[in-house]
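# Descriptive structure summary
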Amino acid sequence: MSRSSVKMLAVLTTILLITGVLAGCGGASSNEIKIGVLNEMTGGNATMGTSSANGAKMAIKEANAKGGVLGKQIQAVVADNKSEPSEAANAMTKLATQDKVVAITGMFASSNAIAASSVAESTKVPFLAVGATNPKVTVDEKTNKVKDYTFRVCFIDPFQGTVGANFVLNTLQLKKAVILVDNSSDYSKGLAAFFKDAFTKGGGSVLAEEAYLQKDQDFKTILTKVKALNAEVIYVPGYYEEVGKIVKQAREMGITVPMVGGDGWDSPKLVEIGTPAALNNTYFTNHYSVDDTSAASQAFVEAYKKEYGQAPDALAVLGYDAANVLIDAIKRANSTEPAKIREALAATKDFMTVTGSTTLNATHDAVKSAVIIEMKDGKQMFKATVKP
């Protein structure tokens, strides 16, 4: 072999080695931008997580059909937190360190989102929560400082609890309440506290607070105590699995007073578990109603039905909105660097979503209206919109 041939072989070998290294990195030459979509796909909050993931995937599909972002297609890397905080942290770690996503969206349950946010902060990968409403999601409980890399597209529980309390006081005109709290849930404990504070300040009285745990099946003991108190209303800020059982068992025991809750009620499973008749005379605060007549809402509902064969719930809408907010932030950042996406998210202002104009405030929370939903013969009926 001639000397020139040896040189040429060396050059070719070097090129092949460099090409192999770049291919192994999966970064610079990639024609895709990876976004993590992490939700409660199985476990106690599975219907909500599935809806949220469906909404996000639809937003990403629409964006890709329009050419993607920064000239690249978006790849949704879907992960399941199994409705458990520890699994949320594990899945978040995998998305950030192994899957190398540029940002992550998803999560409804506040306990899961709080666990996931710790990973977002340590790995410095932006996390945009979908429906997690406890203040501790975006603000560190120990330091009271805003978390740099954690955001959300939903209202928070100080507002939701106040809306619920004012509805009971002013619309239902009831002043004696009992609160049933899921002691295993940051969401339930927080929302109960904010409701109680607003309710008592408004002239109401809380006769008792009774505790239960997720996955409990029999609520008759605490309901016996509740019945003896002759409360005018029962506030249950829990998730649909337990709420459905609580309502059904309460009605079977002859407790007929109104029952009120929060966005954790929003699932088709609630009716399946609680039964249509038992759920009459119940109400809950939520992020959205399919009865919204805005053009954006109607277009979304039609597209979602076409894509998934069913009407969307609030979590589907929030999942869709969050993905679009995230895509917009990547566009404005003009970069896939997580730090720059973080900066763009923090600067989000007046971005139009299905649930309305979205601005992320100083604590990385969205300021949004709430709706009151009444359950009537197994169907959700829009009752009112309450602005911040």
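Please refer to the structure placed before this passage.
Since this is a predicted model, take the numbers as computed values, not measurements.

Quick notes on the rules
- Residues numbered from 1 in each chain as written.
- Predicted model: local features only at pLDDT ≥ 70, side-chain atom pairs only at ≥ 80, totals over all residues.
- Heavy atoms only, no water.
- Helix = DSSP H or I, 4+ residues; strand = E, 2+ residues; numbered from the N terminus.
- Rg over C-alpha atoms; globule rule 2.2 N^0.38 Å.
- Buried < 20%, exposed > 50% of the residue type's maximum accessible area, 1.4 Å probe, protein only.
- Contact = heavy atoms within 4.5 Å.
- Salt bridge = Lys/Arg side-chain N within 4 Å of Asp/Glu carboxyl O.
- 1 Å grid on protein atoms, 1.4 Å probe; cavity = no way out; pocket = protein on both sides within 12 Å on 5 of 7 lines; lining within 4 Å.
- Points joined across faces, edges and corners; volume = space filled by probe spheres on them.
- Nonpolar A, V, L, I, M, F, W, Y, C, P; charged D, E, K, R; others polar.
- Core = buried A, V, L, I, M, F, W, Y, C linked by side-chain atoms within 4.5 Å.
- Pairing = 2+ DSSP bridges.
- Axes fitted to C-alpha atoms, helices over the stretch in contact; angles between N-to-C directions.
- Parallel < 35°, antiparallel > 145°, perpendicular 65-115°, else oblique.
- Left-handed = near helix turned anticlockwise from the far one by under 90°.

## A look at the overall build of the chain
- Scanning the chain for helices and strands turns up twelve helices and 14 strands.
- Taken over C-alpha atoms, the radius of gyration comes to 24 Å for the chain, in line with the 21 Å a tight globule of 388 residues would show.
- With respect to the three principal axes, the spread of C-alpha positions in the chain is 100 × 40 × 35 Å.
- Counting all 388 residues of the chain, 52% fall into the buried class.
- The contacts of the chain with a sequence gap of at least 6 include a subset with a gap of at least 24, amounting to 70%.

## Quick word on the pattern of salt bridges
- The final tally for this structure, using the stated rule, is 14 salt bridges.
- Between Lys215 and Glu84 there is a salt bridge, with the nearest N and O atoms lying 3.4 Å from each other. Note that Lys215 is positioned in the loop between β7 (205-212) and α7 (220-229) and Glu84 in the loop between β2 (73-80) and α3 (85-97), a separation of 131 residues in sequence.
- A relative accessible area of 61% means that Lys215 is categorised as exposed.
- Given the relative accessible area of 32%, Glu84 is considered partly exposed.
- Note that Asp328 and Arg332 form a salt bridge whose closest N and O atoms lie 2.8 Å from each other. Of the two residues, Asp328 and Arg332 are both situated in helix α11 (residues 314-333); the distance of four residues between them amounts to about one turn of the helix.
- The class of Arg332 is partly exposed, set by a relative accessible area of 39%.

## A short note on the layout of surface pockets
- Approximately 470 Å³ is the volume found for the largest pocket.
- Along its surface, the largest pocket is lined by 24 residues, and Pro268, Ala311, Pro312, Asp313 and Gln380 are the ones closest to its centre.
- Only α2 (46-65), α9 (268-274) and β14 (379-386) provide two or more residues apiece to the lining of the largest pocket.
- No other element matches α2, which puts four residues into the lining of the largest pocket.
- Partitioned by chemical class, the residues of the lining of the largest pocket number twelve nonpolar, nine polar and three charged.

## Let's talk about the environment of Gly106
- Along the polypeptide, Gly106 turns up in strand β3 (residues 103-106).
- Owing to a relative accessible area of 1%, Gly106 belongs among the buried residues under this scheme.
- The spatial distance from the C-alpha of Gly106 to the C-alpha of Ala316 is 10 Å, given a sequence separation of 210 residues.
- Non-local contacts of Gly106, meaning those with residues more than four positions away in its chain, are made with Leu38, Asn39, Ser52, Phe127, Leu128, Ala129 and Val130.

## Regarding the nonpolar core
- Ranked by size, the top nonpolar core spans 98 residues in total, and within it Leu180 and Val236 carry the most contacts.
- With 14 residues, α11 is the largest single contributor of residues to this core.
- If sequence neighbours within four positions are ignored, Leu180 has contacts with Glu210, Tyr212, Ile222, Leu223, Val226, Ile234, Tyr235, Val236, Pro237 and Ile246.

## Remarks on the sheet that holds strand β9 (residues 259-261)
- On the basis of which strands lie adjacent, the open sheet formed by seven strands has the order β7-β6-β8-β9-β10-β13-β14 and mixed pairing. Looking at which strands have only one partner, the edges of the open sheet turn out to be β7 and β14. Adjacent strand axes in the sheet meet at a mean angle of 25°, parallel and antiparallel pairs treated alike.
- The pairing of strand β10 (residues 282-286) with strand β13 (residues 370-376) spans five bridges and is classified as antiparallel. Opposite Thr282, over in β13, you have Met375 as the bridge partner.
- Relative to the sheet, helix α8 (residues 240-252) contacts β6 (176-182), β7, β9 and β10, its axis offset from that of β9 by approximately 170°.

## Describing the packing of helix α5 (residues 157-171) against helix α6 (residues 186-201)
- The geometry of α5 relative to α6 is characterised by a closest axis approach of 7 Å and an angle of 50° between their N-to-C directions. When the axis of α5 is compared with that of α6, the two are oblique. Viewed along their axes, α5 and α6 form a crossing whose handedness is right-handed. For the pair α5 and α6, contact is made by Asp157, Pro158, Gln160, Gly161, Thr162, Gly164, Ala165, Val168 and Leu169 and by Tyr187, Leu191, Phe194, Phe195, Ala198 and Phe199, respectively.
- Residues of the contact of α5 with α6, tallied by class, amount to ten nonpolar, four polar and one charged.

## Observations concerning the pairing of β13
- β13 sits mainly inside the fold: six of its seven residues count as buried.
- With seven bridges joining them, β13 and β14 adopt antiparallel strand pairing. Each bridged residue has a counterpart across the sheet, and for Ile372 the counterpart in β14 is Ala384.
- In this structure, the hairpin formed by β13 and β14 is closed by a connection of two residues, where Asp377 is found at a positive phi of approximately 55°.

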